[in-house]
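Understanding the architecture of this molecule
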Amino acid sequence: MTEKLKIGVIGAGRIGKIHAENIARFIPQVKLEGIADIKLSAEQDSWAKGLGARIVSRDPGEILNDPHINAVVICSSTDTHADLTIKSAGAGKHIFCEKPIDLSVPKVKSALEAVRKAGVKLQIGFNRRFDHNFARIREYTQAGAIGGVHIVKITSRDPAPPPPEYVAVSGGIFIDMMIHDFDMARFQAGCGITEVYSSGACLVDPEIGKAGDVDTALVSLKFENGAIGVIDNSRKAVYGYDQRVEVFGSKGSAAAENDLPNTVKFSGEGGVTQEKPLYFFLERYKQAFIDEMISFAEAVARDKPVLVSGEDGLEDMYAALAAGVSLKEKRPVTIAEIRASY
């Protein structure tokens, strides 16, 4: 019987809570050993102990220095991800890190180098690859059913915009929001992005514009295999969380529609009605959060490559940065140009 992977979670906010509860309740091959958060409240302390965590602390060092813990899940604020990744690698811990590793390419590269030197695993939290619908599209492509990929289309629209204060420190729509879609585009195309051309506007909340960002964006893509793609993002879709993907190829097309609370469609004299999409990512990607952690645990246990690597995270960041330059300079921008600038 394989020994359970013993995990410590750093960060007890919204995402940290999701991962800690999933580990404790739904993933039998993993054991939750500790939870640390520098701002741990009395309520969070009680919650963590209720999950059976052996270590509950305001000091992440207690998790990093514990010899019984062999993997760390980093869910703290973005500005701490790179440093904690470097420290975790130095402590010989395998790492699951929420995206992004950092907003600075040099810091991301430093973190990846530390991981390489330590010989530990690093998986980035692009959970949408593990979504049941999107993973099925990729299976069709890999099986050759779609043929050569010609077009990748992604729609990703949030149900409500974030506060302008958050936008100001988030890195902007391309790094904060669309980076998930750049990762999905690369995943579905089966290769890297070579060029992006973006357009954006502030149509939802003027305060987001004052914070220096756009809330509505469209990006066209070119891929290494010659395919093209398009991503559209909005910070506010009044009907709910809109998450759709289509891959079109030489032999056919595979498309994933929104997940709904139920599949009932009512038809009456006044028309045909159906449920709105699941409200937000907590509901929409509930199982994907579990499945990505299972995949991480299996990669460690079997010494296999993780399915979303640190290098994937860096490539997604290059695409996001290229989109930002394209929006500002109103021109197509190649990934090679961005890569060369760092």
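Up top you'll find the structure we're talking about.
No experiment lies behind these values; they were computed from the predicted model shown.

Within helix H9 (residues 179-189), 11 of the 11 residues are buried, which leaves the element mostly enclosed by the surrounding structure. Directly after H9, the chain includes Gly190, whose backbone phi takes a positive value near 80 degrees.

Regular strands place their side chains on alternate faces of the sheet. One ladder, built from 8 bridges, connects strand S7 (residues 149-157) with strand S11 (residues 242-249); its direction is antiparallel. Looking at S11, one finds that Val152 is bridged to Val247. Alignment of S11 against strand S12 (residues 253-256), held across 4 bridges, turns out to be antiparallel. Note on S12: the bridge partner recorded for Glu246 is Ala255.

Considering all chains together, one arrives at 29 salt bridges under this definition. For Lys121, the salt bridge goes to Asp303, with nearest N and O atoms at 2.9 Å. Of this pair, Lys121 sits in the loop between helix H5 (105-118) and strand S6 (122-124) while Asp303 sits in the loop between helix H12 (286-301) and helix H13 (310-329), placing them 182 residues apart in sequence. Classification of Lys121 as buried rests on a relative accessible area of 14%. The exposed category is assigned to Asp303, whose relative accessible area is 60%. A salt bridge links Arg129 to Asp312, with the nearest nitrogen and oxygen atoms 3.6 Å apart. Here the residue Arg129 occupies a position in the loop between S6 and helix H6 (132-142), and Asp312 occupies one in helix H13, the gap between them amounting to 183 residues.

Moving on, we get to the nonpolar core. Core analysis: the largest hydrophobic core is formed by 101 residues, its most contacted members being Ile7, Ile35 and Phe182. If sequence neighbours within four positions are ignored, Ile35 has contacts with Val9, Ala12, Ala20, Trp47, Ala48, Leu51, Ala53, Ile55, Val56, Ser57 and Ile63.

With 20 residues, H13 extends 29 Å from end C-alpha to end C-alpha; this agrees with the ideal 28 Å at 1.5 Å per step. A positive phi of about 55 degrees marks Lys330, the residue just after H13.

Turning our attention to the packing of H6 against H9. Here H6 crosses H9 at 30 degrees, and the two axes come no closer than 9 Å. Judged on the interaxial angle alone, H9 and H6 are roughly parallel. Here Phe134, Ile137, Arg138 and Thr141 of H6 lie close against H9, whose contacting residues are Met184, Phe187, Gln188 and Ala189. A class-by-class count of the residues in the contact of H6 with H9 yields 5 nonpolar, 2 polar and 1 charged.

This part covers a nonpolar patch on the surface. On the surface, a nonpolar cluster with roughly 230 Å² of combined accessible area is contributed by Ile151, Ile228 and Phe248. With respect to the helices and strands, the residue Ile151 is situated in strand S7.

Where S7 lies against strand S10 (residues 228-234), 7 bridges are found, and the strand directions are parallel. From the neighbouring strand, Ile151 faces S10, where its bridge partner is Ile228.

Bringing the packing of aromatic side chains into the picture now. Counting across every chain of the model gives 7 aromatic pairs. Taken together, a centroid distance of 6.4 Å and an interplanar angle of 50 degrees make the contact between Phe134 and Tyr285 tilted. Taken together, the residues span a long stretch of sequence, with Phe134 in helix H6 and Tyr285 in the loop between helix H11 (281-284) and H12 at a distance of 151 residues. For Tyr285, a relative accessible area of 1% puts it in the buried group. Ring geometry for Tyr241 versus Tyr285: centroids 6.1 Å apart, planes at 90 degrees, classification edge-to-face. Taken together, the positions of Tyr241 in the loop between S10 and S11 and Tyr285 in the loop between H11 and H12 put the pair 44 residues apart, joining distant regions of the chain.

Take the side chain of Thr85 next. Looking at the secondary structure, you find Thr85 in helix H4 (residues 78-90). Given a relative accessible area of 1%, Thr85 falls into the buried group. With residues up to four places along the chain from it excluded, the contact list for Thr85 reads Ile74, Ile95, Cys97, Ala111 and Val115.

Attention now moves to the environment of Lys222. Position of Lys222 among the secondary structure elements: in strand S9 (residues 216-223). Accessibility expressed as a relative area gives 43% for Lys222, which makes it partly exposed. Once the C-alpha coordinates of Lys222 and Tyr239 are considered, the two residues, 17 residues apart in sequence, prove to be 30 Å apart. Aside from chain neighbours lying at most four places away, what touches Lys222 is Gly192, Ile193, Thr194, Glu195, Ala227 and Ile228.

So, on to the sheet that holds strand S3 (residues 55-57). Strands pair in a sheet through their backbones, by hydrogen bonds, and they do so in one of two ways: parallel or antiparallel. Strand order in this open sheet of 6 strands is S3-S2-S1-S4-S5-S6, and the pairing throughout is parallel. Sheet topology places S3 and S6 at the edges, where each strand pairs with a single neighbour. The sheet shows a mean angle of 20 degrees between the axes of neighbouring strands, direction not considered. Bridging between strand S5 (residues 94-97) and S6 involves 3 bridges; their strand directions are parallel. Across the sheet, Cys97 pairs through a bridge with Ile124, a residue of S6. Packed onto the sheet, helix H1 (residues 14-26) meets strand S1 (5-10), strand S2 (30-36), strand S4 (71-74) and S5 and runs at close to 145 degrees relative to S2. Contacting S1, S2, S4, S5 and S6, H12 runs over the sheet at an angle of about 160 degrees to S5.

The rules behind these values
- Residues numbered from 1 in each chain as written.
- Predicted model: local features only at pLDDT ≥ 70, side-chain atom pairs only at ≥ 80, totals over all residues.
- Heavy atoms only, no water.
- Buried < 20%, exposed > 50% of the residue type's maximum accessible area, 1.4 Å probe, protein only.
- Helix = DSSP H or I, 4+ residues; strand = E, 2+ residues; numbered from the N terminus.
- Pairing = 2+ DSSP bridges.
- Salt bridge = Lys/Arg side-chain N within 4 Å of Asp/Glu carboxyl O.
- Core = buried A, V, L, I, M, F, W, Y, C linked by side-chain atoms within 4.5 Å.
- Contact = heavy atoms within 4.5 Å.
- Expected span 1.5 Å × (residues − 1).
- Axes fitted to C-alpha atoms, helices over the stretch in contact; angles between N-to-C directions.
- Parallel < 35°, antiparallel > 145°, perpendicular 65-115°, else oblique.
- Nonpolar A, V, L, I, M, F, W, Y, C, P; charged D, E, K, R; others polar.
- Patch = residues over 30% accessible without salt bridge, like charges linked within 9 Å, V, L, I, M, F, W, Y side chains within 5 Å.
- Areas by Shrake-Rupley, 256 points an atom, 1.4 Å probe, with all protein chains shown as cover.
- Phe/Tyr/Trp six-rings, centres within 6.5 Å; stacked < 30°, edge-to-face > 60°.

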